[in-house]
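What the coordinates show
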Amino acid sequence: MDSCIIPWMNSRPSCLSYGTDDTICSRQQALVNNAFGSDVVFIVGPAQQRIFAHKIYLTIASEYFYVLFYGNFDEASNDEVVLKDDDPELFLLVLQFIYSKHMEPTVDNVSYLFDSARKYMLPELTELLGQFVAERLTSSSVLEIFNDNGQYGSARLDHSCLSMIRDNPLLYFNSEDFKLLEMNRLRLILRQNKVNCTVNQLQNALDKWAAANINEDVRKLRMVLKDSVNFKNDNSRINTVHIDDAMQYPLEKRKDTFKH
């Protein structure tokens, strides 16, 4: 676990600092797990760690918390909220992002944080995490991560994955992970402009996917392909751009990235 969040495991002193080096942003971050002005306490994890928070920050950041605190829920009138399935240290990272818009994910916790961003309706956090993963993509992980992103919805991550797939599609069409793509994910690929292959090669890839997904209605995908007008109509191959796998801190397959 990141050492930067260890001090937050115990409530901070009920005060703020106004020194010459302090800023509005630093004081906002200092409010994470700070009893000063707190009007709600989260009881987090099996150990029931008490974490102080401020409803106004949470409701500004997330519709989830707006509904929780101001809707027809028991929590609207209570000053304690139980989160028995959350990890205290990682929940503090989510609060850090809400209070300061800054947070440094790791390969080990990015999956949890993606799930938290979806649970707590934090699209800006989703995009920050998407950028983190996008910077570590490799050709061996891109299809699986692209598929997983269907449930997280990071536009940045989709953009990076699709860029790699467009540049060197035959590499990915011949991958076993290609057969595992969800239909909506494959539809995005078929809708791409300037995919670096011929129409026949794309049709062959679709046939391969259909053979592995016999319960899916492939006719819808064939219509998408038919409506695409930006592919080469001849059988000549454009020179592919091969993706460099030797990127810094590469993410591995789903078992090491989007853990559940």
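Here we summarise the structure given alongside this text. The numbers attached to residues start from 1 for each chain and follow its sequence in the written order. Confidence filtering applies because this is a predicted model: local features only for residues at pLDDT of at least 70, side-chain atom pairs given and counted only at 80 or more, and all residues used for totals across whole chains, interfaces and linings. Think of the side-chain values as coming from all heavy atoms in the structure, minus any hydrogens and water.

1. Examining the pattern of salt bridges
- Should a side-chain nitrogen of Lys or Arg be within 4 Å of a carboxyl oxygen of Asp or Glu, the pair is scored as a salt bridge. For the structure on display, the rule yields nine salt bridges.
- As a salt-bridge pair, Arg136 and Glu135 come within 3.5 Å of each other at their nearest N and O atoms.
- Only protein chains enter the calculation, and the probe is 1.4 Å; a residue is then buried if its accessible area is under 20% of its type maximum, exposed if over 50%, and partly exposed in between. Since its relative accessible area comes to 15%, Arg136 is described here as buried.
- A residue is classified by how much of its surface remains accessible, and Glu135, at 44% relative accessible area, is partly exposed.

2. Quick word on helix α5 (residues 110-119)
- Burial analysis of α5 places seven of its ten residues in the buried class, the great majority of the element.
- Helix and strand labels come from DSSP, where a helix needs a run of H or I of at least four residues and a strand needs a run of E of at least two; each type is numbered from the N terminus. The complete set of buried residues in α5 reads Val110, Ser111, Tyr112, Leu113, Phe114, Ser116 and Ala117.
- Contact between two residues is taken to exist if any of their heavy atoms lie within 4.5 Å; hydrogens are not considered. Where α5 is buried, its residues meet α4 (88-100), α6 (123-134), α7 (142-152) and α8 (155-167).
- Residue Met121 follows α5 closely and has a positive phi angle near 55°.

3. Some details on α7
- Taking burial as the measure, the eleven residues of α7 include eight buried ones, the bulk of the element.
- Of the positions making up α7, those classed as buried are Val142, Leu143, Ile145, Phe146, Asn147, Asp148, Asn149 and Tyr152.
- Buried positions along α7 lie against α5, α6, α8, α9 (169-173), α10 (176-179) and α11 (183-190).
- Of the residues trailing α7, Gly153 is marked for its positive phi of about 80°.

4. What to know about empty space enclosed by the protein
- Think of a 1 Å grid over just the protein atoms. A cavity is a set of points where a 1.4 Å probe fits yet cannot get out, a pocket is an open set with protein on both sides within 12 Å along at least five of seven lines, and lining residues have an atom within 4 Å of a point. Grid points are joined across faces, edges and corners, and a volume is the space filled by probe spheres set on the points. Summed over the entire model, instances satisfying the criterion amount to one cavity of 30 Å³ or more.
- Around the largest cavity, the lining residues are Ala61, Phe97, Ile98, Lys101, Leu122, Pro123 and Glu124.
- Among the elements of the structure, α4 and α6 are those that each provide at least two residues to the lining of the largest cavity.
- Looking at side-chain class alone, the lining of the largest cavity contains five nonpolar, no polar and two charged residues. In this classification, Asp, Glu, Lys and Arg are treated as charged, Ala, Val, Leu, Ile, Met, Phe, Trp, Tyr, Cys and Pro as nonpolar, and every other residue, Gly included, as polar.

5. Quick look at the packing of helix α12 (residues 199-212) against helix α13 (residues 218-227)
- Axis definition: a line fitted to C-alpha atoms, limited for helices to the stretch in contact. Angles are taken between N-to-C directions and run from 0 to 180 degrees. Where α12 meets α13, the closest approach of the two axes is 11 Å, and the angle between their N-to-C directions is 170°. As far as their axial angle goes, α13 and α12 are roughly antiparallel. For the pair formed by α12 and α13, the contact residues are Leu202, Gln203, Leu206, Asp207, Trp209 and Ala210 on the first element and Val218, Leu221, Arg222 and Leu225 on the second.
- Of the residues contributing to the contact of α12 with α13, the split by class is seven nonpolar, one polar and two charged. Each angle gets one of four labels, with under 35 degrees taken as roughly parallel, over 145 as roughly antiparallel, 65 to 115 as roughly perpendicular, and the rest as oblique.

6. Considering the pairing of strand β2 (residues 49-53)
- In the sheet, strand β1 (residues 40-44) pairs with β2 via five bridges, with the strands oriented antiparallel. Across the sheet, residue Ile43 finds its bridge partner in β2, namely Arg50.
- Here, any two strands with at least 2 DSSP bridges between them count as paired. Turn length for the β1-β2 hairpin, with the two strands adjacent in sequence and antiparallel, is four residues, and the turn residue Gly45 shows positive phi of about 75°.

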